[in-house]
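Fold and geometry: a report
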Amino acid sequence: MSEVKVLTEFYHLPEYQTLAGYKAKGGYETLHKAFKMQPQAIIDEVKASGLRGRGGAGFPTGMKWGFLPKNGEPRYLLCNADEGEPGTFKDRMMMERAPHQLIEGMIISAFAIGSNKGYIYVRGEYVFPIECLNKAIKEAYAAGLLGKNILGSGFDFDLDVYRGAGAYICGEETGMISSLEGLKGQPKLKPPFPAVQGYLRKPTIVNNVETLAAVTYIIKDGAQTYRKHGTEKSAGTKLFSLSGNVMTPGNFEVPLGYPLMDLIMKEGGGMKPGRKLKAVIPGGSSAPVLTAEEVAKANLDYESLAGLGTMLGSGAVIVIDDSQCMVDMLGVLTHFYAHESCGQCTPCREGTGWLNKVLHSILEGRGRLQDIDLLIKVADNMKGKTICALSDAAALPVLSFVTKFRDEFEFYVREGRSKVKGTTYAEMHH
Amino acid sequence: MPKCTINGKEVEVKEGTSIIEAMQQSGDRIAHYCWHPGLSVAGVCRLCMVEIEGNPRVQIACNTMVTEGMKINNTSEKVKDAVKWGLDFHLINHPLDCPICDQAGECGLQDQYMEYGKYDPEMAEHKQKKHKVVDLGPTVVLDSERCILCSRCVRFTEEVSKTNELGLFNRGDRTEIGTHDGMPLDNKYSLNTVDICPVGALTSKDFRFRQRVWYLKDAETVCNGCSTGCNVKVFYNKEGFFRVKPVYNEQVNGHWMCDEGRDIYKFVNREHRLLKAQVRNASGWTEMTAGAAAKNANEVLKNSQGDSLALVLTAQYTVEEFDAIVSSFVNEFKTKKVFFWINNKESFESFDGLLLRGDKNPNTKGLLKVLEKHGITATWADLTSGLNSGAIKTVVVAGPENMNAFPDFADRVKELSKASNLIWLQATKQDALMALTGNVWLIPTKTFVEKDGTFINHAGLEQKFKKATTIVSEALTLTEAALLMVGKNLAIPAVNATFMPNNQREDQVTLEARKKNEFVFRRGSL
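Conventions we followed
Residues numbered from 1 in each chain as written. Chains lettered and ligands numbered in written order. Predicted model: local features only at pLDDT ≥ 70, side-chain atom pairs only at ≥ 80, totals over all residues. Heavy atoms only, no water. Helix = DSSP H or I, 4+ residues; strand = E, 2+ residues; numbered from the N terminus. Contact = heavy atoms within 4.5 Å. Areas by Shrake-Rupley, 256 points an atom, 1.4 Å probe, with all protein chains shown as cover. Lys, Arg positive; Asp, Glu negative; His and termini not counted. Charge placed at Lys NZ, Arg CZ, Asp CG, Glu CD. UniProt positions renumbered as here; feature names shortened; annotations may be inferred. Buried < 20%, exposed > 50% of the residue type's maximum accessible area, 1.4 Å probe, protein only. Pairing = 2+ DSSP bridges. pLDDT = per-residue confidence, 0-100. Buried area = accessible area lost by both parts, 1.4 Å probe. Salt bridge = Lys/Arg side-chain N within 4 Å of Asp/Glu carboxyl O. Polar contact = N/O pair within 3.5 Å; in protein donor to acceptor, adjacent residues only side chain to side chain. Core = buried A, V, L, I, M, F, W, Y, C linked by side-chain atoms within 4.5 Å. Axes fitted to C-alpha atoms, helices over the stretch in contact; angles between N-to-C directions. Parallel < 35°, antiparallel > 145°, perpendicular 65-115°, else oblique. Left-handed = near helix turned anticlockwise from the far one by under 90°. Domains from an automatic or database assignment.

All right, on to the overall build of chain B then. The secondary structure content of chain B amounts to 14 helices and 22 strands. Dimensions of chain B, computed from C-alpha atoms along their principal axes, come out at roughly 85 × 55 × 50 Å. Considering only contacts within chain B whose residues lie at least 6 apart along the sequence, 66% involve residues at least 24 apart. Of the roughly 22,400 Å² of accessible surface on chain B, a fraction of 50% belongs to carbon and sulfur atoms. Counting 65 positive and 66 negative side-chain charges, chain B places the centres of these two groups 4 Å from one another.

As a further point, take the UniProt feature "domain: 4Fe-4S His(Cys)3-ligated-type" (unreviewed entry) in chain B. Those places that UniProt annotates as "domain: 4Fe-4S His(Cys)3-ligated-type" (unreviewed entry) correspond, in this numbering, to residues 78–117 of chain B. Regarding residues 78–117 of chain B, the helix share stands at 57% and the strand share at 0%, and the terminal C-alpha atoms are separated by 14 Å.

The next subject is the pairing of strand β13 (residues 240–246) of chain B. Within a regular beta strand, the side chains point alternately toward one face of the sheet and then the other, so they alternate between its two faces. Across the 7 residues of β13 of chain B, 7 count as buried, placing the element largely inside the fold. Connecting strand β12 (residues 231–237) of chain B to the antiparallel partner β13 of chain B that follows it, the hairpin turn spans 2 residues.

A few words now on the confidence of the model for chain B. All names here are of chain B. When pLDDT is averaged along chain B, the result is 91; 94% of the residues meet or exceed 70. The low-confidence segment residues 501–509 (pLDDT under 50) makes 8 contacts with residues lying over four places distant or belonging to another chain. Of the regions scoring below 50 in pLDDT, residues 514–526 engages in 16 contacts with residues more than four places distant in sequence or in other chains. Model confidence for the complex is summarised by a pTM of 0.91, with the ipTM given as 0.90.

Glancing now at the interface of chain B and chain A. Taken together, the contact between chain B and chain A spans 36 residues of the former and 37 residues of the latter. Broken down residue by residue, the surface that chain B buries against chain A is led by Phe89, Glu125 and Arg171 of chain B, which jointly contribute 25%. With its nearest N and O atoms 3.7 Å apart, the salt bridge here joins arginine 57 of chain B to aspartate 392 of chain A. Joining chain B to chain A, the criterion identifies 18 residue pairs in polar contact (both at pLDDT 80 or more). Elements that contribute at least two residues to the side of chain B that touches chain A include exactly α2 (77–91) and β8 (166–169) of chain B.

Looking now at the side chain of glutamate 96 of chain A. With respect to the element layout, glutamate 96 of chain A can be found in helix α5 (residues 90–97). Setting aside anything within four residues of it in sequence, one finds glutamate 96 of chain A in contact with Gln17, Phe128, Pro129 and Cys132 of chain A.

Here the focus is the nonpolar core. Within soluble globular proteins, side chains that are nonpolar generally end up buried alongside one another. Residues Tyr28, Leu102, Ile103, Met106, Ile107, Ile120 and Phe157 of chain A are the most contacted members of the largest nonpolar core, which totals 60 residues. Residue contributions to this core peak at 9 residues, all from helix α6 (residues 99–113) of chain A. Apart from residues lying up to four places away in sequence, leucine 102 of chain A is in contact with Cys79, Met95, Ile120, Leu133, Val209 and Leu212 of chain A. Among the nonpolar cores identified, the runner-up in size contains 58 residues, and Ile19, Ala61, Leu136 and Cys147 of chain B belong to it.

Residue and element names in this part refer to chain A. Following both chains from N to C, one finds helix α15 (residues 346–363) and helix α16 (residues 369–382) inclined at 165°, their axes separated by 10 Å at the closest point. Compared by their axis directions, α15 and α16 come out roughly antiparallel. For α15 against α16, the interelement crossing comes out left-handed. Here α15 contributes Pro347, Gly351, Thr352, Trp354, Leu355, Val358, Leu359 and Ile362 to the contact with α16, which in turn contributes Asp371, Leu374, Leu375, Val378, Ala379, Asn381 and Met382.

Two modes of strand pairing occur in sheets, parallel and antiparallel, and in both the strands are linked by backbone hydrogen bonds. Residue and element names in this part refer to chain A. If you walk across this open sheet you meet the 5 strands as β6-β5-β11-β8-β9, and the pairing is mixed. Two strands in the sheet have a free side with no partner beyond their single neighbour: β6 (250–255) and β9 (290–291). When strand β8 (residues 277–281) meets β9, the two strands line up antiparallel, connected through 2 bridges. Within β9, the residue paired with alanine 279 across the bridge is threonine 291. Its contacts with the sheet place α5 against β5 (237–244) and β6, and it is angled at close to 115° to β5.

This paragraph deals with the domain arrangement of chain B. When the domains of chain B are assigned, the result is domain 1 (3–92), domain 2 (119–268) and domain 3 (274–486). With centres defined by C-alpha atoms, the gap from domain 1 of chain B to domain 3 of chain B works out at 53 Å.

Attention now goes to the UniProt feature "domain: 4Fe-4S Mo/W bis-MGD-type" (unreviewed entry) in chain B. Listed under "domain: 4Fe-4S Mo/W bis-MGD-type" (unreviewed entry) in the UniProt record, and renumbered for this structure, are residues 216–272 of chain B. Counted over residues 216–272 of chain B, helix gives 0% and strand 35%. Its end C-alpha atoms are 20 Å apart.

Moving on: the domain arrangement of chain A. Residues and elements named next belong to chain A. Segmentation of chain A into domains returns domain 1 (19–228), domain 2 (231–321) and domain 3 (326–428). Using only C-alpha atoms to locate each centre, domain 1 and domain 3 end up separated by 36 Å. Counting from both sides, the interface comprises 13 residues of domain 1 and, opposite them, 10 residues of domain 3. At the boundary of domain 1 with domain 3, total buried surface from both sides reaches about 930 Å², with 67% on carbon and sulfur atoms.

Encoded structure:
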C-alpha cells in the first residue's frame with residue numbers, strides 16, 4: 001500500500017490554483033451534476049459515503065447535516081480553516097494548492113443544506129492561503145460560480161474569507177462562531193448545537209476544509225466508490241501531516257486504515273540515521289502519545305487508534321526519536337495549552353496553568369516526586385469537565401506522557417536534568 | 001410537568017426547568033458560583049456537578065434540563081470529588097486574604113470551602129498575580145486577583161443594565177475582568193455587580209472597609225427612593241445604617257435595585273437627623289421634645305380651623321400616616337385644604353425601562369388614595385393664592401425624607417413661610433428651615449426604617465413593611481404627630497435609641513464603639 005491521491009491528485013500542478021487550471025482537470029463539473037440532484041439526495045450520498053469530519057472530532061458529516069431544522073430558516077455554512085493544533089498543516093496546503101476544490105465543495109454542500117451564505121474562517125497568520133482563497137473566490141464570482149443564480153440553477157451562494165485574530169480555541173466550532181460574531185473567541189454551551197442555533201443564532205454547519213473538499217469527490221464518483229478506500233468504519237482517504245524526527249516530513253494522502261509504521265517508514269522516509277523510533281503522537285498534539293511498540297500495531301483509522309487509547313484527531317502525526325526528552329516536550333505542550341486556554345471554564349483556565357507551572361518546576365529542577373502524581377491528578381480532573389474539549393486536549397498528553405514515560409520524569413525530579421539529554425532545562429534551551 | 005428524582009426524593013417541575021432550579025425547589029443544596037437566577041447560564045464555574053443515572057460523566061446542573069424520569073444525585077463520592085477539585089481549581093490562584101477582604105463573612109468561596117472543601121491544598125506553585133484595587137468607575141473597585149471569573153458581572157452589564165462596560169480580557173489563568181477601554185463602569189445599576197459577585201473581587205466604594213458584615217444586622221423593608229418600591233434589605237448596627245441591598249420580588253424589582261436607591265440609608269442616620277423639636281417665636285428658637293412641640297402646636301391649630309389652615313403632604317409617608325393626619329385635619333380642624341407637594345414635575349412620569357421612575361416618592365398612589373377617600377380636591381394653585389392673599393394663616397407640612405429627590409426644597413420653604421404659623425414635620429436637619437423667622441415649629445419624624453406601614457407603588461401594589469430599629473427615639477410618626485396636634489394625649493412607649501452619637505470620622509471606629517458592637521455583646525468581652 002502507498003499514497004492514494006484522491007484529493008491531492010493535481011496538487012503538484014501550479015496552475016491548479018487558478019480557475020482555468022482547475023477546470024482543465026474537470027473542476028466544477030461535479031457542481032453541474034449536483035445542481036441536477038435533489039439536495040436531500042446529496043445529503044444521503046454523503047451519509048452513505050461514511051465521511052467523517054476531518055477536523056479532529058471525526059463526527060459523521062451527513063449525520064451533522066441531518067441535524068439542521070427542516071424549516072426554511074436561513075442557515076450558514078462555515079468552513080473551519082482555523083488550523084491551530086500543533087503538528088497540523090494539511091488544510092494550509094489544500095487552500096494554497098487547490099482553493100477552487102474547497103470552493104466547489106462548499107457550493108455543493110451549501111446547496112445540499114440550503115445555505116446561501118458561507119464563510120471560510122482562516123487562522124490569521126495564514127497570510128498566503130488567505131491570498132490564494134481570495135483570488136480564487138474573485139475568479140469564481142467573475143465566472144458566475146458564486147453569487148446569484150449560480151450556473152443558472154436558481155441557487156444563490158455568497159462566500160467570504162474571515163481572518164481570525166489567532167486563538168487555538170477558535171478552531172472549536174462554537175468558539176469560531178463567537179469569533180465570527182465579533183466576540184471573544186470562547187466556546188458556547190451545548191445544547192443548543194450549532195446545527196440548531198449557531199452563527200447569529202441561526203442554524204449553522206461547521207465543516208473542516210478537507211471534509212468539504214471531499215464532498216466534491218463523493219458526489220462526483222458516488223459514495224460507494226469513495227468507500228472503496230479506507231475501512232468499514234473509517235471510509236475514504238485522509239491527509240496526514242507528518243512531522244518530527246523523520247527524513248521527509250510533509251503532507252501525505254493515504255487511505256484510512258493505513259499502517260502508521262508505513263507512513264513513517266515509506267512516506268516519511270524513515271528515521272534519521274542512527275536514531276530509533278521512541279514515540280508517536282498520532283493525531284495532533286492533543287492526542288495521547290503512543291510508544292514505539294504501540295506504533296507497530298497502529299493503523300491510521302478511528303477505530304484502531306481508539307483501541308490503543310489515542311485518536312486520529314486532525315491527522316497530524318508527530319514522530320519522536322530516541323534523542324528527545326519527553327519531559328521537555330511535554331513542557332512545550334503544557335505551555336501551549338496554558339497559553340491558549342480561553343479562560344472561560346475554571347478547570348481548564350486554572351488547570352492548564354497549574355500543569356504548566358508544575359511541569360516547569362520539574363524542568364527547572366524544583367520538582368518533587370509527588371508532583372508527578374499531582375500532574376496525573378490535575379489532568380484527570382480537567383477531563384470532561386468543561387464546555388469544550390480544550391481541557392481534554394491539555395490533559396490527555398500529560399496523562400499519556402507521564403504514564404508511559406514515567407521513568408524520565410522521575411529521573412528529572414531526582415537529578416534535576418534530562419535522562420535523555422543529560423542536561424538541565426537551561427542548558428537545553430540556551 | 002416532568003417528574004424526576006433528586007437525591008432519592010421525587011420532585012415535579014415545570015417543563016424547561018434546569019436541574020439546579022429543580023434542586024432549589026426541592027431544597028437540596030448544590031455548589032455553584034456562575035449560575036444566577038437573574039442572568040443567562042454561563043456554565044463556566046463547573047461546580048454544580050450532578051450525577052445522572054445512565055450518564056457516565058458528571059454533568060453541570062445549570063445547563064441540563066430535567067426530563068421525565070431523570071434520576072439525579074449530588075451526594076455521591078464521584079460528585080463530591082468533582083466539586084472538591086472544582087474548588088481546588090478556584091482556589092489555586094485565589095489569594096488567602098480573607099482577614100482583610102471586604103467580603104469575609106459573606107463570601108461564596110469561603111462558604112463553599114467550608115461545606116465542600118476543608119482539605120490539604122495540593123498547590124505548591126506561585127499564585128498568578130493580578131491587579132489590585134482597580135478603579136472601575138465611580139461606585140465600584142475591583143481586586144482582580146480575588147476574581148474567580150464567574151462572569152456574573154459581565155453578564156449583568158450585557159443583559160440587565162445593557163451598558164456593556166465590562167468584559168473578560170486575556171486568556172487562560174491570566175484572564176481578568178475589566179472595563180472596555182475608555183468606558184468606566186458607570187451606570188445607574190452598577191452596584192448590582194457587587195451584590196452578585198460571589199467573592200470579594202468587586203466592592204462598593206461606599207461600603208468598602210466600613211464594617212465587617214458580621215457586625216451588621218439586617219431587616220427587610222421597601223425602598224423609599226422612587227415609586228417602584230423595590231424590596232430591599234437594610235444593614236445596620238449600633239453605629240448606624242451602612243448599606244442597602246435588593247431582595248428578590250418577581251412582581252416588583254426581580255433581583256435588582258438601582259444605585260440611587262442604595263443611598264436611602266444615608267439620611268436615616270443620626271448625624272443627618274433632627275433630634276429635638278425646635279420651636280421659634282419672636283424671642284428665638286427653643287428646644288423641646290417632639291411630643292411637647294406637637295402638643296404646643298395645638299393651640300395655634302385650634303385658632304386656625306377651617307380654610308385658614310392648610311396641610312401640605314409629600315408622598316414619602318405611609319398610607320396609615322396619611323389617613324391619620326388627613327382625617328384629623330378634615331374632621332377635627334374642618335379644613336379640606338390639603339395639598340400634594342409634587343417634586344421634580346418635569347421628570348415625574350419618566351421611567352428608564354428597568355426600575356428607575358421619575359416619581360421619587362414611594363407612596364404617591366397611597367397619598368392620592370387617601371386624598372380621594374376624603375374628597376380632597378385642592379390644587380397647589382389654591383395654596384399659592386391662599387398664602388399670597390393671607391387667607392391661609394397656618395400651614396402644616398409633612399416634609400420629605402429623601403432630600404435628593406426634592407431639588408426645589410428651599411424654594412418651597414420660602415413659599416410656605418408666607419404663612420403666619422409654619423409647623424414643619426421633618427426627619428432630617430435642614431438649614432433652610434433653621435433660617436426661618438416668625439412662628440415656626442420643627443418637629444422630628446420617624447423615617448421609613450423606624451415604623452410599620454404600607455406603601456403603594458406606581459403599579460398600585462400595596463407593600464407592607466416592618467420597623468427595623470429606632471434611631472431617634474423622640475421622633476414621631478405622622479399618626480402620632482396628628483393625634484398630639486389635635487390635642488389628644490398620647491402614651492408613646494419609650495424606646496431608647498441605642499445608636500451611638502457619631503462624633504468621630506465616618507470611617508473611624510473607636511475602641512468604645514467596638515466594645516458596643518453586637519459581636520462583642522454576644523461573646524461577652526474582648
